[in-house]
Amino acid sequence: MKTSKLQRLGKQVAGHYQLYIFMLLPLAYLIIFNYTPMFGVQLAFRKFTIRQGIWNSPWVGLDNFVKFFTSYMFPRVMKNTLTLSVYGLLAGFPLPIIFALGLNTIRNQRYKKTVQLVTYAPHFISTTVLVGMLMAVLNPRNGIYAALWQFLFKRYPNDLFGSVEAFPHLYVWSGIWQSLGWSAIIYIAALSTVDMELHEAAQIDGASRFQRLYHIDFMCILPTASILLILSAGTIMSVGFEKAYLMQNTINKSASEVISTYVYQVGLTGSTDYSYSTAIGLFNSIVNMCMLLLVNFITGRLSRTSLF
């Protein structure tokens with residue numbers, strides 16, 4: 001029985017060998033960059049030293065995790081990370097849906113394509129350039145923000161990049177501006193599959209435009225939105241390092257120090273405690289995994305749409 005199964009498998013591979021060869025490159029990528037680094041996770045449970053190496057460094061169990069949980073930085077980085085993540089999710093997740101629904105109602109194709117082009121373009125701006133643009137525009141002395149403020153109030157404005165209260169808003173809304181159009185692409189694609197006969201039938205029954213928008217268009221993209229919500233919940237603790245680090249300064253650090261920047265600080269600068277930084281990163285990944293499983297379970301029970 002086993003021999004016959006192996007023979008069938010061999011014939012299948014031989015018959016489609018081009019496809020299996022095509023799969024080798026992405027498979028190698030996954031093994032090298034996703035699975036091989038998992039051996040380094042053991043650093044979180046060791047007291048790593050370069051002289052002894054990964055395999056000979058002494059085991060310390062959960063000491064690195066306890067050190068992080070009892071650190072004075074733990075409540076700060078957790079609060080900042082959750083604030084930016086939850087704020088970004090609540091503000092940034094529904095807007096592409098609303099934008100896609102609104103764009104789908106436009107019948108003037110030239111105007112529609114122009115709006116799409118304008119909203120897609122910021123996605124291709126690098127994070128470094130985006131932060132540079134923010135700093136130039138919001139410069140409190142010679143930026144556009146300063147010029148408008150002086151014109152209206154006849155005085156220089158406060159430095160928004162030096163404001164702890166303003167940092168979350170700058171971080172989240174600049175990200176929404178950059179990703180709004182790009183994030184709406186998948187919803188626009190889903191809306192293109194909606195059968196127009198449903199709208200015609202609803203019009204005959206006297207449904208208003210808003211009723212058709214909600215009961216037909218929105219309900220058709222709801223499964224797609226549910227899947228994307230699950231994926232977003234799986235990265236709720238993964239605030240982007242690059243943007244937070246570039247926007248960070250000594251004045252707003254109490255609001256901009258997130259887990260990713262703190263891992264960089266303790267792992268590659270200062271004390272260079274590799275074990276400690278690995279433990280923090282592992283904790284971050286575990287929380288993301290738990291959130292993914294939780295939201296996937298809740299979404300599956302409520303809408304019967306889930307990843308697994």
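Structural data are supplied above this passage.
Residues numbered from 1 in each chain as written. Predicted model: local features only at pLDDT ≥ 70, side-chain atom pairs only at ≥ 80, totals over all residues. Heavy atoms only, no water.

Caption draft 1: Region of interest: the pattern of salt bridges. Summed over all chains, the structure comprises four salt bridges. Between K67 and D273 there is a salt bridge, and its shortest N-O distance comes to 3.2 Å. Taken together, the residues span a long stretch of sequence, with K67 in helix α4 (residues 63-69) and D273 in the loop between α16 (259-268) and α17 (274-303) at a distance of 206 residues. Taking relative accessible area as the criterion, K67 reaches 40% and is therefore assigned partly exposed. In this structure, the salt-bridge partner of E257 is K253, at a minimum N-O distance of 3.9 Å. Judged by its relative accessible area of 30%, K253 falls in the partly exposed class. One salt-bridge network, held together by shared partners, links K47, K67 and D273. (Salt bridge = Lys/Arg side-chain N within 4 Å of Asp/Glu carboxyl O. Helix = DSSP H or I, 4+ residues; strand = E, 2+ residues; numbered from the N terminus. Buried < 20%, exposed > 50% of the residue type's maximum accessible area, 1.4 Å probe, protein only.)

Caption draft 2: Region of the structure containing helix α5 (residues 73-92). Taking 1.5 Å of rise per residue, 20 residues should cover 28 Å, and α5 covers 27 Å from first to last C-alpha, within 8% of that figure. Buried residues of α5: M73, V77, M78, N80, T81, L84, S85 and A91, and no others. Close packing links the buried residues of α5 with α4, α6 (94-104), α10 (167-183), α15 (253-256), α16 and α17. (Expected span 1.5 Å × (residues − 1). Contact = heavy atoms within 4.5 Å.)

Caption draft 3: View of α6. Turning to α6, its buried residues number three or more, namely P96, I97, F99, A100, L101, L103 and N104. Considering only its buried residues, α6 is in contact with α5, α7 (109-120), α10, α11 (185-191) and α13 (209-233).

Caption draft 4: Layout of the environment of F218. When you line up the elements, F218 lands in helix α13. Separated by 36 residues in sequence, F218 and W182 place their C-alpha atoms 19 Å apart. Sequence-distant contacts of F218, defined by excluding residues within four places in its chain, comprise I97, L101 and L213.

Caption draft 5: Up close: the environment of G240. Inspection of the secondary structure puts G240 in the loop between α13 and α14 (241-247). What makes G240 partly exposed here is its relative accessible area of 35%. Sequence spacing of G240 and L191 is 49 residues, and the spatial spacing of their C-alpha atoms is 30 Å. Ignoring anything within four residues of it in the chain, the contact list for G240 reads Y171 and S260.

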